[in-house]
Amino acid sequence: MQINTPKSLLAFDFGLARIGVAVGQTITGTARALATIQWQPETPDWSAIETLIDDWQPDLLLVGLPVNAEGEDTDQCAPARAFAAELGDYELPVQLIDEHLTSSEAKSRMREERQSGRRKKRIAKPEIDAMSAVLIAEQWLAERNIGRQF
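All values derive from a computational prediction rather than experimental measurement.

Enquirer: What's the story with the packing of aromatic side chains in this structure? I'm lost.
Expert: For any two aromatic rings, the description comes down to two numbers: the centre-to-centre distance and the angle of the planes. Per the stated rule, a full pass over the model turns up five aromatic pairs. Plain terms: the ring middles of Phe-12 and Phe-83 are 5.6 Å apart, the flat faces sit at 70° to each other, and that makes the pair edge-to-face. On the criterion of sequence distance, the pair formed by Phe-12 in strand 1 (residues 8–13) and Phe-83 in helix 2 (residues 77–87) is long-range, its members being 71 residues apart. Residue classification places Phe-12 among the buried residues on the basis of a relative accessible area of 0%. Look at Phe-83 and you get buried, because its relative accessible area is 2%. Look at Trp-46 and Phe-83: their rings are 5.4 Å apart centre to centre, the planes differ by 25°, and that puts the pair in the stacked class. One end of the pair, Trp-46, is in helix 1 (residues 46–56); the other, Phe-83, is in helix 2, with 37 residues separating them in the sequence. Residues Trp-46 and Phe-83 agree in their burial class; the two are buried.

What follows is the structure in structure tokens.
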């Protein structure tokens, strides 16, 4: 781990209806779902976001950028970038990270949990958003070789 590596981060799976949030820890190299934030009319619930930032005191904020498979912008990229820019008001470093396919991977992971019996209840959309945020955090950690080395 480098000296400048943050100890914790919050990852956001940005959407125009809900925003999934996960916390990642560089000490353990793990991430876990925290919450799904519902939009208020025409704006994210900034109060809920601020509470998470205050509670978790992250060193970094990650925002998933929903590019397509070729790495090109989609219609959701401009709103995600605007969200990331507003997160900059919290005076923490903000990074964008390619998150294409995280929602489908999150659904797949949760289906596997249900089929194996580790998950009893049906999968709700807010849970998929939070799991997508976990995948964003895990991807960032993996790209930096932070995590469990087996």
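Enquirer: Mind showing me how you'd approach the sheet that holds strand 5 (residues 60–65) here?
Expert: The pairing of strands in a sheet comes from backbone hydrogen bonds and takes either a parallel or an antiparallel form. Strand order in this open sheet of six strands is 4-3-2-1-5-6, and the pairing throughout is mixed. Whereas interior strands pair on both sides, the edge strands pair on one side only; in this sheet they are strand 4 (43–44) and strand 6 (94–98). Against the sheet, helix 1 touches strand 1, strand 2 (18–25), strand 3 (30–40), strand 4 and strand 5, its axis set at about 155° to strand 3.

Enquirer: I tried to follow the environment of Arg-109 on my own but got confused; where do I start?
Expert: Examined against the element boundaries, Arg-109 turns out to sit in helix 3 (residues 102–116). Placed 19 residues apart in sequence, Arg-109 and Ile-128 show a C-alpha to C-alpha distance of 9.5 Å. In this structure Arg-109 touches Met-131, Val-134, Leu-135 and Glu-138, once residues within four positions along its chain are discounted.

About the cut-offs
Residues numbered from 1 in each chain as written. Predicted model: local features only at pLDDT ≥ 70, side-chain atom pairs only at ≥ 80, totals over all residues. Heavy atoms only, no water. Phe/Tyr/Trp six-rings, centres within 6.5 Å; stacked < 30°, edge-to-face > 60°. Helix = DSSP H or I, 4+ residues; strand = E, 2+ residues; numbered from the N terminus. Buried < 20%, exposed > 50% of the residue type's maximum accessible area, 1.4 Å probe, protein only. Pairing = 2+ DSSP bridges. Contact = heavy atoms within 4.5 Å. Axes fitted to C-alpha atoms, helices over the stretch in contact; angles between N-to-C directions.

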